[in-house]
Amino acid sequence: MLVTMKTILKYAEAHHSAIGAFNVTTLEGILGTLEAAEELKQPVILQFAQVHESLIPVSVLGPIMVMLAEQASVPVCVHLDHGEDLDYIKKAMDMGFTSVMYDGSVLDFEKNVANTCMAVEIASAYGVSVEAEIGSMGREEFGSVGAEGEAVASLYTDPDEAKEFVERTGVDALACSFGTVHGLYLTEPKLDFDIISAIREKAQIPVVMHGGSGVSPEDFRRCIQRGVRKINYYTYAAKAGGQAVREQCAAEEDIVYFHDVATWGKEAMKADVREAMKVFASEF
Ligand code: 13P
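Criteria and cut-off values
Residues numbered from 1 in each chain as written. Predicted model: local features only at pLDDT ≥ 70, side-chain atom pairs only at ≥ 80, totals over all residues. Heavy atoms only, no water. Near = heavy atom within 4 Å. Polar contact = N/O pair within 3.5 Å; in protein donor to acceptor, adjacent residues only side chain to side chain. Areas by Shrake-Rupley, 256 points an atom, 1.4 Å probe, with all protein chains shown as cover. Helix = DSSP H or I, 4+ residues; strand = E, 2+ residues; numbered from the N terminus. Nonpolar A, V, L, I, M, F, W, Y, C, P; charged D, E, K, R; others polar. Core = buried A, V, L, I, M, F, W, Y, C linked by side-chain atoms within 4.5 Å. Buried < 20%, exposed > 50% of the residue type's maximum accessible area, 1.4 Å probe, protein only. Arc of directions from axis to C-beta. Contact = heavy atoms within 4.5 Å. Pairing = 2+ DSSP bridges. Axes fitted to C-alpha atoms, helices over the stretch in contact; angles between N-to-C directions. Right-handed = clockwise from strand over helix to strand, strands pointing away. Salt bridge = Lys/Arg side-chain N within 4 Å of Asp/Glu carboxyl O.

Undergrad: Where do I start with the site of the ligand in this structure?
TA: Within the structure, the ligand sits among 14 residues, and Asp-81, Gly-211, Ser-213, Tyr-234 and Thr-235 are positioned closest to it. Asp-81 is positioned such that a nitrogen or oxygen atom in its side chain is 2.6 Å from an oxygen atom of the ligand. When the free accessible area of the ligand is taken as 310 Å², the share hidden by the protein chains comes to 100%. Going through the elements one at a time, strand E3 (76–83) and strand E8 (228–233) are the ones with two or more residues in the shell around the ligand. Across the shell around the ligand, the residue classes tally to three nonpolar, ten polar and one charged.

Undergrad: What should I look at first to understand the nonpolar core in this one?
TA: Nonpolar side chains tend to gather and get buried jointly when the protein is soluble and globular. Counting residues in hydrophobic clusters, the biggest one holds 72 residues, and the most contacted among them are Phe-97, Phe-178 and Phe-280. For this core, the element with the most residues is helix H3 (residues 58–71), which contributes six residues. In terms of nonpolar packing, the next biggest core, distinct from the first, is built from 14 residues, Met-5, Ile-8, Leu-9 and Met-137 among them.

Undergrad: Whenever I open this one, helix H8 (residues 217–226) confuses me. Can you help?
TA: An α-helical segment advances 3.6 residues per turn. Residues three or four places apart therefore align on the same side. Listing the buried residues of H8 in full gives Asp-219, Phe-220, Cys-223 and Ile-224. Summarising the axial view, the buried residues of H8 lie within an arc of 140°, below the 170-degree limit, and thus occupy one face. Turning to H8, the residues buried within the fold contact helix H7 (193–203), strand E7 (207–209), E8 and helix H10 (258–280). Following H8 by one or two positions, Gly-227 adopts a phi angle in the positive range, close to 130°.

Undergrad: When you look at the sheet that holds strand E5 (residues 129–134) in this model, what are you seeing that I'm missing?
TA: Strand pairing in a sheet relies on backbone hydrogen bonds. The paired strands run either parallel or antiparallel. Around the barrel, which closes on itself, the eight strands sit in the order E1-E2-E3-E4-E5-E6-E7-E8 with parallel pairing between neighbours. Between one strand axis and the next, the sheet turns through 25° on average, direction left out of account. The sheet contact formed by E5 and strand E6 (residues 173–176) spans four bridges and is parallel. Each bridged residue has a counterpart across the sheet, and for Ile-134 the counterpart in E6 is Cys-176. Against the sheet, helix H1 (residues 5–15) makes contact with strand E1 (19–23), strand E2 (44–49), E3, strand E4 (99–102), E5, E6 and E8, and its axis sits at roughly 120° relative to E8, the strand it touches most. Across the sheet, H7 touches E6, E7 and E8, and the angle it forms with E7 is around 150°.

Undergrad: Looking at this model, I keep getting lost on the pairing of E5. Mind explaining?
TA: Side-chain direction in a regular strand flips from residue to residue, so the side chains alternate between the two faces of the sheet. The element E5 is extensively covered by neighbouring structure, given that six of its six residues are classed as buried. By the alternation rule, side chains of E5 split into Ser-129, Glu-131 and Glu-133 and Val-130, Ala-132 and Ile-134, which are all buried. The pairing of E4 with E5 spans four bridges and is parallel. By the bridge assignment, Tyr-102 is partnered in E5 with Ala-132. Taken together, E4, helix H5 (residues 109–126) and E5 constitute a β-α-β crossover, and its handedness is right-handed.

Undergrad: For this particular structure, what's the right way to read the side chain of Asn-23?
TA: As for its position among the elements, Asn-23 is in strand E1. A distance of 3.0 Å separates the side chain of Asn-23 from the side chain of Gln-47, its partner in a polar contact.

Undergrad: Help me understand the pattern of salt bridges in this model?
TA: Two side chains carrying opposite charge are able to pair once their charged atoms lie near each other. One pass over the full model with this rule turns up 17 salt bridges. Glu-13 is the partner of Arg-229 in a salt bridge, and the nearest nitrogen-oxygen pair spans 3.4 Å. With a gap of 216 residues between them, Arg-229 in strand E8 and Glu-13 in helix H1 connect regions that are remote in the sequence. Given a relative accessible area of 4%, Arg-229 falls into the buried group. Note on Glu-13: relative accessible area 30%, which makes it partly exposed. For Glu-35, the salt bridge goes to Lys-266, with nearest N and O atoms at 2.9 Å. With a gap of 231 residues between them, Glu-35 in helix H2 (residues 27–40) and Lys-266 in helix H10 connect regions that are remote in the sequence. Linked through salt bridges whose partners overlap, the residues forming this network are Glu-35, Glu-39, Lys-266, Glu-267, Lys-270 and Arg-274.

Dropping the structure here:
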């Protein structure tokens, strides 16, 4: 069943858990994620990042995400990840997405506030939830290593700024920087858990962790304890799919058909997503 981010976040709050938000770039990614969620009976967020438009257009994948979310036996929010312009965000909402992220984190604070307010105004007409971001987590969503490979402390979210931002924009969730980065880590991530607590206390908002791949189960749980309620995750699932295909192709002596490749990839992504969901949920 298709639900908004607000509904999913309420569930996470009540269960003291976080909901996995899995980026999808293929039909196999969508199917693997939904199968994992249905098997574990967990709500899930299926998300598409604007930067992945070069892999597959949202106009192709988006309607499939919405349709399969509607048919799912668990609550599914269909979310636009890192929407960079208001026209693109509107396009996703017209397609039936129930949540959008406006990412103005590269802009100065005032411009980010102004654009986020516009996104919230447009979204409220659709009954759609809005996530925004302050602080910076690196801009790689392609699974590659970010320029510096680790977070830069000076770009961590300032809790006082977060409070002002949330009060002025009225967003439903806030992506914050506290030590995670998108893509693969060169060194083990060192997270600042106190930032999460301070943001929760001052801004009273569900905190979103980006760059979930490579964070240890213990650190995920600590973050959830402090108030992270949505965890964005992509690189490790995509890597697991690629690795499985590589190994199966190498082991295969006969012809390899593309439908086999697609199935191997899907099953491996599903297994990876399933493990992540178990860590994020409170009941496993
Ligand atoms: P990872 O690819 O590092 O898991 O991060 C995904 C993400 O944060 C998408 O917004």
